[in-house]
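What follows is each chain in one-letter form.
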Amino acid sequence: MSKTALKKELASFDREQLVEVILNAYSSSKEAKEYFEFFLNPDPEFLYEKKLDIVIKELNKSKRGYCKARVSVMRAAVKQLEDYGVGTEWVVKLMAEIIKGIVIIEKFCYITPALDNGVERLAREIIDKTNKAEMLSFGLETIDKIVNDSGKGRPAFRDKIRSAVAAYLRELRIG
């Protein structure tokens, strides 16, 4: 069902029917329950910490010197955080933690090409999101902090992040 069809259907409901639908969704779906709890008591820091735990758990997956973290799981955590409408700064903060984690892990474990590409993609997305939210300086500072403060990672990997961001800025015709 499309959003428009749902909206049209819900418009025909009276108040009690809407309350019943919401209560049924709340009791039947873990995701709906989380959303309504956040909606009624918005705490972006708590939600961020919850999604960060998912990311950390994923980043800690390894086997025989190979990092087994899945980019899809970490990106899903970012998307869920973004879908709750917590604000660009929280989303960027989580994305930055993912990049930092991968930069540190790649010194100790072999990372897959998917993770390698994921770092560049996340760095580009940070710039894109902050540019759209008119917070580009925040995005650039975040990337710069990751690159400069993660001294544990290999310099070549950090340079790769820098060059990906520089290339994207050129694409956007900024800098």
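Look a little higher up for the structure.
Keep in mind it's a predicted model, so treat the numbers as computed, not measured.

A. Representation of the overall build of the protein. Of regular secondary structure, the protein possesses nine helices and two strands. Written out in order from the N terminus, the α and β elements of the protein read α-α-α-α-β-β-α-α-α-α-α. Projected onto its principal axes, the C-alpha coordinates of the protein cover approximately 60 × 45 × 30 Å. Here the protein holds 175 residues, and 34% of them are scored as buried. Total accessible area on the protein is roughly 11200 Å²; 54% of this is exposed by carbon and sulfur atoms. Between the mean site of the 31 positive side-chain charges and the mean site of the 27 negative ones, the protein shows a separation of 7 Å.

B. Molecular detail of empty space enclosed by the protein. By the definition in use, this model includes one cavity of 30 Å³ or more. Within this model, the largest cavity holds a volume of roughly 30 Å³. Lining the largest cavity are V71, M74, R75, I98, I102, G118 and L122. Among the elements of the structure, α5 (71–83), α6 (88–108) and α7 (113–132) are those that each provide at least two residues to the lining of the largest cavity. Considering every element that reaches the lining of the largest cavity, the biggest residue donor is α5, with three residues. In terms of residue class, the lining of the largest cavity is made up of five nonpolar, one polar and one charged.

C. Structural view of the nonpolar core. I99, I102, I143 and I161 are the most contacted members of the largest nonpolar core, which totals 43 residues. Those elements that provide at least two residues to this core are α4 (44–59), α5, α6, α7, α8 (136–149) and α9 (155–172). Counting residues per element, this core draws most heavily on α6, which supplies 11 residues. Contacts of I161, omitting those with residues within four sequence positions, involve I99, V103, V119, A123, I143 and V147.

D. Spotlight on the pattern of salt bridges. The final tally for this structure, using the stated rule, is 13 salt bridges. Here E82 and K129 are joined by a salt bridge, their closest N and O atoms 2.8 Å apart. On the criterion of sequence distance, the pair formed by E82 in helix α5 and K129 in helix α7 is long-range, its members being 47 residues apart. A residue is classified by how much of its surface remains accessible, and K129, at 22% relative accessible area, is partly exposed. Here R121 and E125 are joined by a salt bridge, their closest N and O atoms 3.4 Å apart. With R121 and E125 both in helix α7 and four residues apart, the pair spans about one turn of that helix. Taken together, the shared-partner salt bridges connect E58, K61 and R70 into one network.

E. Representation of the layout of surface pockets. Computed from the structure, the largest pocket encloses a volume of approximately 320 Å³. If you trace the largest pocket, you find it lined by K3, L6, L10, L18, V21, I22, A25 and F36. Listed by contribution, the elements that provide at least two residues to the lining of the largest pocket are α1 (3–11) and α2 (15–28). The dominant element in the lining of the largest pocket, judged by the number of residues it contributes, is α2, at four residues. The residue inventory of the lining of the largest pocket, partitioned by class, reads seven nonpolar, no polar and one charged. Reported here for the second largest pocket is a volume of approximately 220 Å³. Every residue lining the second largest pocket is listed: K30, E31, E34, Y35, K50, K51, I54, Q80, D83 and Y84. Elements that contribute at least two residues to the lining of the second largest pocket include exactly α3 (30–40), α4 and α5. Take the lining of the second largest pocket: its biggest share by element is four residues, from α3. Looking at side-chain class alone, the lining of the second largest pocket contains three nonpolar, one polar and six charged residues.

Rules and cut-offs
- Residues numbered from 1 in each chain as written.
- Predicted model: local features only at pLDDT ≥ 70, side-chain atom pairs only at ≥ 80, totals over all residues.
- Heavy atoms only, no water.
- Helix = DSSP H or I, 4+ residues; strand = E, 2+ residues; numbered from the N terminus.
- Buried < 20%, exposed > 50% of the residue type's maximum accessible area, 1.4 Å probe, protein only.
- Areas by Shrake-Rupley, 256 points an atom, 1.4 Å probe, with all protein chains shown as cover.
- Lys, Arg positive; Asp, Glu negative; His and termini not counted.
- Charge placed at Lys NZ, Arg CZ, Asp CG, Glu CD.
- 1 Å grid on protein atoms, 1.4 Å probe; cavity = no way out; pocket = protein on both sides within 12 Å on 5 of 7 lines; lining within 4 Å.
- Points joined across faces, edges and corners; volume = space filled by probe spheres on them.
- Nonpolar A, V, L, I, M, F, W, Y, C, P; charged D, E, K, R; others polar.
- Core = buried A, V, L, I, M, F, W, Y, C linked by side-chain atoms within 4.5 Å.
- Contact = heavy atoms within 4.5 Å.
- Salt bridge = Lys/Arg side-chain N within 4 Å of Asp/Glu carboxyl O.

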